[in-house]
Amino acid sequence: AEILLQVKNLKSVYKTRFNERIIAVDDVSFDLESGKCLGIAGESGSGKSTLAMSIMGYYHPPLFYESGAVYIGGIDIAKLPYNQLRERILGKEMAYIPQAAMNALNPTQKIINLVADVMKEHVKGISFNDVKKIAEERFETLNLPKDVLQRYPIELSGGMKQRTVIAISTILNPKILVADEPTSALDVTSQKIVIKLLKDLIKKGFIKAMIFITHELPLLYNIADEIMVMYAGEIVESGKAEEIIFDPIHPYSYGLMNSIIVPEKGVKGKKLAVIPGAPPNLKSKLNGCRFFERCQFAKDECKGEKISLKNHGERNYRCAFEIDELKEMYEDGKKSATT
Ligand code: ATP
Ligand code: MG
């Protein structure tokens, strides 16, 4: 299939007032093919949103581009000035739904006016009537009630607001949609509806490919074709969704799928897998494996030099151990847990 997006060795850094450099996206590379959904998973602070912003070229202080490339149709957009990016790429080639976007809708405007804002930015001289016609047709095709267009954001439920945000963001049929945690504030039923809507967008040809970001790796089973697991700014494992979910190899992905389930604080009934410990401070110089402190299998050899991504079939993983060694350790762990 056609490669729509190619990210090569991308590196982005937050520069703080105290002259600290936080490398939040560190040497990330991947391809996105037409027709596919790429899922990106990782705990809070692993760099998912920073990666999304970097792909979109949203570099605003304190976030800065450091190195690498983001190719779309042969153009490296990481080096494109913002006005050109806005004119040529954003909204048309690529659309972005930032984390918590549904809570950032302008509360003083009816939904139809928000659609008009997006359309007028890119379709010069379009009339309000044409906006209305296009919006109504699109809402109908996506099984969203048309009368939502005449409402204010505050009048919509969380799930409906999120579906509306998705419909508006994709009204210009961007090739690629980057959605940052589009389901994390929603109950399970609304999550399912939103995921169905996102799949429909690809199925009906309104978008060609998608990047779906979440901190819940298991959730990706319902939507992703490929998965990338991030930890401390790096990709620690990537591959086919089924393989990563049912047969995770990196101890961090293994932990995300098999860790102790505890109730999430303050959220009734919602469970979240938790791996004991916390990610490393990205301000400090990081040698060797970044998961070292939290990995139950870590050895001295994990601490030395930077560990590069290893390739095994369709899977990449960043670990000092070989796949066979890891599998054996997981098997031993299961045995000792049952005896
Ligand atoms: P979450 O699941 O909470 O959304 P995330 O995976 O999206 O987390 P990012 O928001 O990309 O993570 O943050 C990655 C790293 O960059 C974190 O260590 C964070 O502390 C740091 N960071 C984020 N925003 C800033 C900022 N404005 N200034 C300095 N550091 C920042
Ligand atoms: Mg985030």
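Refer to the structure presented above.
Cut-offs applied
- Residues numbered from 1 in each chain as written.
- Chains lettered and ligands numbered in written order.
- Predicted model: local features only at pLDDT ≥ 70, side-chain atom pairs only at ≥ 80, totals over all residues.
- Heavy atoms only, no water.
- Core = buried A, V, L, I, M, F, W, Y, C linked by side-chain atoms within 4.5 Å.
- Buried < 20%, exposed > 50% of the residue type's maximum accessible area, 1.4 Å probe, protein only.
- Helix = DSSP H or I, 4+ residues; strand = E, 2+ residues; numbered from the N terminus.
- Contact = heavy atoms within 4.5 Å.
- Near = heavy atom within 4 Å.
- Polar contact = N/O pair within 3.5 Å; in protein donor to acceptor, adjacent residues only side chain to side chain.
- Areas by Shrake-Rupley, 256 points an atom, 1.4 Å probe, with all protein chains shown as cover.
- Nonpolar A, V, L, I, M, F, W, Y, C, P; charged D, E, K, R; others polar.
- Salt bridge = Lys/Arg side-chain N within 4 Å of Asp/Glu carboxyl O.
- Pairing = 2+ DSSP bridges.
- Axes fitted to C-alpha atoms, helices over the stretch in contact; angles between N-to-C directions.

Student: Is there a simple way to explain the nonpolar core in this structure?
Tutor: Of all hydrophobic cores here, the largest spans 73 residues; its most connected members are Ile 111, Val 115, Leu 198, Leu 220 and Ile 227. Looking at this core element by element, the count peaks at six residues for helix 3 (residues 111-122). Residues within four places of Val 115 in sequence aside, it is in contact with Val 131, Ala 135, Leu 149, Ile 168 and Ile 171. Counting residues in hydrophobic clusters, the runner-up holds 34 residues, among them Val 7, Val 70, Ile 89 and Leu 90.

Student: What is the right way to read the site of ligand 1 from this model?
Tutor: For ligand 1, the set of nearby residues contains 15 residues, the closest of which are Ser 44, Gly 45, Lys 48, Ser 49 and Thr 50. Taking Tyr 14, its side chain carries an N or O atom lying 3.5 Å from a nitrogen atom of ligand 1. The separation between an oxygen atom of ligand 1 and a polar main-chain atom of Ser 46 is 3.2 Å. Here ligand 1 has 640 Å² of accessible area as a free molecule, and 67% of this is covered by the chains. At the level of secondary structure, the elements contributing two or more residues to the shell around ligand 1 comprise strand 2 (21-33) and helix 1 (48-56). Of all the elements, helix 1 adds the most residues to the shell around ligand 1, at three residues. Taken together, the residues of the shell around ligand 1 sort by class into five nonpolar, seven polar and three charged.

Student: Please clarify how the pattern of salt bridges should be interpreted in this entry.
Tutor: Between side chains of opposite charge, a pair can form as their charged atoms come close. Using the criterion set out here, one finds 25 salt bridges in the structure. A salt bridge links Lys 48 to Glu 181, with the shortest nitrogen-to-oxygen separation between them at 3.9 Å. You can see Lys 48 sitting in helix 1 and its partner Glu 181 sitting in the loop between strand 7 (176-180) and helix 6 (188-203), a full 133 residues away along the chain. Since its relative accessible area comes to 7%, Glu 181 is described here as buried. Overlapping salt bridges, with partners in common, bring together Lys 11, Asp 26, Glu 234, Arg 290, Lys 306 and Arg 318 in one network.

Student: Mind showing me how you'd approach the side chain of Glu 237 here?
Tutor: Structurally, Glu 237 is set in strand 10 (residues 234-240). For Glu 237, a relative accessible area of 0% translates into the label buried. Within the structure, Glu 237 has its side chain in polar contact with the backbone nitrogen of Ile 249 (distance 3.1 Å). Here the side chain of Glu 237 touches Arg 315 through a polar contact of 2.8 Å, side chain to side chain. Discounting chain neighbours no more than four positions away, the residues touching Glu 237 are Ile 227, Met 228, Val 229, Ile 244, Pro 248, Ile 249, His 250, Ser 253, Arg 315, Asn 316 and Tyr 317.

Student: How do you make sense of the sheet that holds strand 5 (residues 75-76) when you look at a structure like this?
Tutor: Whenever strands of a sheet pair, they do so through backbone hydrogen bonds, lying parallel or antiparallel. Read across the sheet, four strands follow the order 2-1-4-5 without closing on themselves; strand pairing throughout is antiparallel. Looking at the sheet topology across the chains shown, the edges are occupied by strand 2 and strand 5. Bridge count between strand 1 (residues 3-15) and strand 2: nine bridges; the pairing is antiparallel. Across the sheet, residue Ser 12 finds its bridge partner in strand 2, namely Val 25. Where helix 1 meets the sheet, it contacts strand 1, strand 2 and strand 4 (63-72), and its direction lies at approximately 115 degrees from that of strand 1.

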